[in-house]
Amino acid sequence: MRAFLILALSTFVLSACASQWQTDYAAPIPAEVSQNWRLAGVEVLVPETLTVSEDNVYFPIADIVWREEALTPGVTRYDQVDAIVTDGITRGASGLSGSQPVKILATVGEFHALSEIARYGLSTSAVHNIAFAMQVVDARTGAALSEPTMIQADFPALLRDEAIQAETAGQTQRVRITDHIAKVTAGYLGIGPDMRNSFVTIGQ
């Protein structure tokens, strides 16, 4: 099951690189289905086959670009991305309050936040580019309750003065990305507004 998520996600991410960005997923799970579920856990995999860039350049070439948090001994970028995505999915699925315990499995394929030079140097537009595969399974038996679904969770990033003002107000990149993943998760699970949309901007 997990291997299928990784294979499907790799194909999806390769086809998603373009100047048109989107929050997109398959049709939301019907509310009459998800209302029977109760969140019992979230399991996120950030494969170490994903490449990581630590370069402070405008358009780093890598699967993971995350520089807002300092690295500490024993903690990797994979760990940091895992924590952010786990938090976002958990919050987004917290509205599941039915009787059947479920677990959400997710595999990250791409996680692009902004480098410092891009965040404070670009003057037009930029994007947070995030992709992961998700599947809902029965928490007790592991039986699949939904098909593996590719989720593209792109959204516009803040730059220059807007970024500084947001940070001053506590709206860091981590906060904004976590909030967006939570909203996208809720939308896909049929317990929140449908977040699907597209936009055009520069980004990598």
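Coordinates for the structure precede this section.
Residues numbered from 1 in each chain as written. Predicted model: local features only at pLDDT ≥ 70, side-chain atom pairs only at ≥ 80, totals over all residues. Heavy atoms only, no water.

Caption draft 1: Region of the structure containing the packing of helix α3 (residues 77-92) against helix α6 (residues 173-188). Here α3 crosses α6 at 45 degrees, and the two axes come no closer than 7 Å. As summarised for this structure, α3 and α6 are arranged oblique, according to the angle between their axes. Crossing of α3 against α6: the hand is right-handed. In this structure, α3 uses A83, I84, V85, D87, G88, I89, R91 and G92 to contact α6, whose residues at the interface are R174, I177, T178, D179, I181, A182, T185 and A186. Its residues assigned to classes, the contact of α3 with α6 comprises eight nonpolar, four polar and four charged. (Axes fitted to C-alpha atoms, helices over the stretch in contact; angles between N-to-C directions. Helix = DSSP H or I, 4+ residues; strand = E, 2+ residues; numbered from the N terminus. Parallel < 35°, antiparallel > 145°, perpendicular 65-115°, else oblique. Left-handed = near helix turned anticlockwise from the far one by under 90°. Contact = heavy atoms within 4.5 Å. Nonpolar A, V, L, I, M, F, W, Y, C, P; charged D, E, K, R; others polar.)

Caption draft 2: Fine view of the environment of T51. In this structure, T51 sits in the loop between β2 (37-45) and β3 (52-53). Sequence-wise, T51 and I64 are 13 residues apart; in three dimensions their C-alpha atoms are separated by 6.1 Å. In this view, T51 contacts A62, D63 and I64; residues no more than four positions away in its chain are not counted.

Caption draft 3: Summary view of the pattern of salt bridges. Scanning the model with the defined rule gives nine salt bridges in all. In this structure, the salt-bridge partner of E43 is K103, at a minimum N-O distance of 3.8 Å. Within this pair, whereas E43 is found in strand β2, its partner K103 is found in strand β5 (residues 100-112), the two being separated by 60 residues in sequence. The class of K103 is partly exposed, set by a relative accessible area of 30%. Linked by salt bridges that have partners in common, E54, R67, R77 and E116 make up one network. (Salt bridge = Lys/Arg side-chain N within 4 Å of Asp/Glu carboxyl O. Buried < 20%, exposed > 50% of the residue type's maximum accessible area, 1.4 Å probe, protein only.)

Caption draft 4: Layout of the packing of aromatic side chains. Under the defined criterion, the tally for this structure stands at two aromatic pairs. An angle of 70 degrees between the planes, with centres 5.7 Å apart, marks the rings of Y25 and Y188 as edge-to-face. One end of the pair, Y25, is in the loop between β1 (20-24) and α2 (31-34); the other, Y188, is in helix α6, and 163 residues separate them in sequence. The two residues Y25 and Y188 agree in class, both being buried. Measuring from centroid to centroid gives 5.8 Å for W66 and F111, while their planes differ by 85 degrees, and the two rings are edge-to-face. (Phe/Tyr/Trp six-rings, centres within 6.5 Å; stacked < 30°, edge-to-face > 60°.)

Caption draft 5: The side chain of R176, seen in detail. Residue position: R176 is located in helix α6. The buried charged residue R176 lacks any salt bridge partner; its closest oppositely charged side chain belongs to D179, at an N-O distance of 7.3 Å. Dropping the residues within four chain positions of it, R176 is found in contact with H128, F155, P156, A157, L158 and Q171. (Lys, Arg positive; Asp, Glu negative; His and termini not counted.)

Caption draft 6: Up close: the nonpolar core. Core analysis: the largest hydrophobic core is formed by 33 residues, its most contacted members being I89, V108, F111, F132, I177 and L189. Looking at this core, the elements with two or more residues in it are β2, α3, β5, β6 (127-138), β7 (149-153) and α6. Formed by six residues, the second largest nonpolar core is a distinct cluster that contains L114, A118, A126 and A157. (Core = buried A, V, L, I, M, F, W, Y, C linked by side-chain atoms within 4.5 Å.)

Note that all results are geometric; they support no functional claim without further evidence.
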